[in-house]
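# Descriptive analysis of the structure
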Amino acid sequence: MTRFLPRTAPPIRAGGLVAATALLLAAAPHTVASAAPTAAAPVVALGGPAQTALHPYAEGGDGPKRSTARITVTGADDTAYEGGFTVTFDLTGAAGIADVAFEPEAGIECAATAPGSATCTGHGISPGRSTVTDLLLTAAKGSEPGGTGTIRVTGEAEGTAFTPFTTEVTVGGPDLVMHRLPFDHEPVPGQKQQAPITFTNRGSRAADGVVLTLRHSRGLDIPQRYSNCAYTTDEAWTTARCTVEGAFEAGATYTLAAPLTLKTTDRAYRDIFGYGIHEAGAGTVRGATAARATRGTTGEVLRAVPAPKPMAARALDLEPGDNEHEADFRTENTADFVAYGDTASGRAGATVTARLGFRNDGPAWIGHLRSGESVAAVDFTVPQGATVTSAPEGCRGVSAEGTALPSGWTGPAPRYVCPTPATVRDDGGLDLSFGLRIDKVLLGAVGRVVVRGPEPRAAGLPFDPEPGNNTARVVLNGESGGPSPAPSDGPGDGASGTPGSATPTPTTGGAGAGAGGTVAPGAAQNTATGNGGSLAATGSSTAMAASGLAVTALTAGLVLFTAARRRRRACGL
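Thresholds, definitions, all that
Residues numbered from 1 in each chain as written. Predicted model: local features only at pLDDT ≥ 70, side-chain atom pairs only at ≥ 80, totals over all residues. Heavy atoms only, no water. Helix = DSSP H or I, 4+ residues; strand = E, 2+ residues; numbered from the N terminus. Buried < 20%, exposed > 50% of the residue type's maximum accessible area, 1.4 Å probe, protein only. Contact = heavy atoms within 4.5 Å. Areas by Shrake-Rupley, 256 points an atom, 1.4 Å probe, with all protein chains shown as cover. Disulfide = S-S within 2.5 Å. Pairing = 2+ DSSP bridges. pLDDT = per-residue confidence, 0-100. 1 Å grid on protein atoms, 1.4 Å probe; cavity = no way out; pocket = protein on both sides within 12 Å on 5 of 7 lines; lining within 4 Å. Points joined across faces, edges and corners; volume = space filled by probe spheres on them. Nonpolar A, V, L, I, M, F, W, Y, C, P; charged D, E, K, R; others polar.

In terms of helices and strands, the protein carries 3 helices and 39 strands. The proportion of buried residues among the 573 residues of the protein is 41%. Look at the contacts in the protein between residues 6 or more apart in sequence, and 82% of them connect residues 24 or more apart. As presented, the protein carries roughly 28,700 Å² of accessible surface, and 54% of it is formed by carbon and sulfur atoms.

This part takes up the state of the cysteines. Inspection of every chain in the model, using the stated rule, returns 3 disulfides. There is a disulfide in this structure between Cys 110 and Cys 120, and the S-S distance comes to 1.9 Å. Judged by the sign of its S-S torsion, about 110°, the cystine formed by Cys 110 and Cys 120 is right-handed. One end of the pair, Cys 110, is in strand β6 (residues 109–114); the other, Cys 120, is in strand β7 (residues 117–125), and 10 residues separate them in sequence. For Cys 120, a relative accessible area of 0% gives the class buried. Disulfide pairing is shown between Cys 229 and Cys 242; the S-S distance is 2.0 Å.

Glancing now at the sheet that holds strand β13 (residues 192–195). Within a beta sheet, neighbouring strands are joined by backbone hydrogen bonds and run either parallel or antiparallel to one another. Judged by pairing direction, the sheet is antiparallel, and its 3 strands sit side by side in the order β13-β20-β16 without closing on themselves. The two strands at the open ends of the sheet, each matched to only one other strand, are β13 and β16 (220–221). Relative to strand β20 (residues 260–264), β13 runs antiparallel, the two being bridged by 4 bridges. Bridge pairing links Lys 192 to Lys 263 in β20.

Low-confidence regions, as indicated by low pLDDT, have predicted coordinates that should not be scrutinised in detail. Per-residue pLDDT for the protein averages 78, and the proportion of residues at 70 or more is 70%. Under a pLDDT of 50 for its full length, residues 310–317 has, in the predicted model, 18 contacts with residues more than four places off or in other chains.

The next point concerns empty space enclosed by the protein. To find leftover empty space, one rolls a probe the size of a water molecule over the atoms. Throughout the structure, instances matching the rule amount to 4 cavities of 30 Å³ or more. Estimates place the volume of the largest cavity at around 100 Å³. Looking at the largest cavity, it is lined by 14 residues, and the ones nearest its centre are Leu 214, Ile 222, Arg 225, Tyr 231 and Ala 240. Of all elements in the fold, only β15 (207–217), β17 (229–233) and β18 (237–248) reach the threshold of two or more residues within the lining of the largest cavity. Across the lining of the largest cavity, the residue classes break down as 9 nonpolar, 4 polar and 1 charged. For the second largest cavity, the lining is made up of 11 residues, of which Pro 42, Val 44, Ala 76, Thr 79 and Tyr 81 are closest to its centre. Classifying every residue of the lining of the second largest cavity gives 7 nonpolar, 4 polar and no charged.

Set out below in structure tokens:
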């Protein structure tokens, strides 16, 4: 929940603007006509649920049951308002229909100001959406089922305009309650479970059609497809919204004509299945609307029928949380993260592009769906004699030991850590591109690429059965020049999260080590390929190849010349 907090943006004061304009008119009237027009006052929008259903009034017991309508204000995306504000509630349209109490957000005070009116006052409006107060609504004594009223909300603040909002309250309505399904939450790949979706209408009137929402993450699947369901799929989720026609009577329980099948696929690891029910049409919870069949969808029509026997009864509850449930699944499975590196040769002063990262060879996909934390990180140690000129967005520079750089550091770093998103598909990975300037030509300068846990203290990947391929190398001016060099043995194998580095051999005529340069953010691509290639150099590739050959030939010539002189001395020549 976003709270109202003071911000550093200067307050907008209409009085100061008027005074300044008056001074300009008095001092230089001939210049005012050409001045830029005054910017319009910023606008903030009041909001909340379009409709709220109230439990019918009942005498005795614990008193009337409450429904909640959250009233919000949405400020400008990039500007905070620091002054005071007032939100006014006109309750006269709901007289005799609803009784209203207030539960304001911290820092806001609400009170009745006149019969049928109340205000909430506060200070400061943050960018984005914030809560003003929760309206606690109960049906008024003497109200009848089906009775409807309105509550109008307006606001005012110095130098700021408010968009008004009106919410409708109705006595009675359907209350669709989804029943929780008894799943096996630790399935194995290939396992199928029945999902007999069942719901009850605990409200005071029938629901005129319902929308069933089914949502599952990538490691799960529902093999059935229905013509009255609309299907959408993204990187991690598949969602089906199914419109089921009919009148679903108050007090009755319904189940699907044929149970769904929930299948655990070969790529499952940590997955979620969500299932919810809402009345069709406007005013449904969380904006649920009637679904249209996806173009080309074929199959049977999904139907709900009365349950064969009544479910256990429970008290009437209009809370939205009863409309849906989620089930978490933990599948015993593995995912093989394979690191890759790159190679290149170039003369001193040349800039090359190093493409590195990892691919997920599966079989499982990995997703931190609840926490949203990174799945892994790519840890890249820069080869000696080279300087990073551009790094992918999101990668942070660290010291050679992996610690934070000094405050205010703006230059290139000897090592970079690049976190992954919260999900890595079984056919995905993380592909990164670094710009490297060769400051000093060192034969076989090696940089290390390690795919590890997101934190150095937990560098292992518990789902990965092949830690030996979690490392790779980036080689500059290597003798073989082969693509995607294999990881070397020894320190820096990824177990500790500290990449190692081979000792390069300097060549003759190499330029001095360069300093400087500012890291320029590049573009990181999280693609489905994860394939390494040879380093691309900036400038003439022919000239660089010739330069590399010349250095090799010169080195070989010096070795032959030294050996010949030694033989002559041994023979007394």
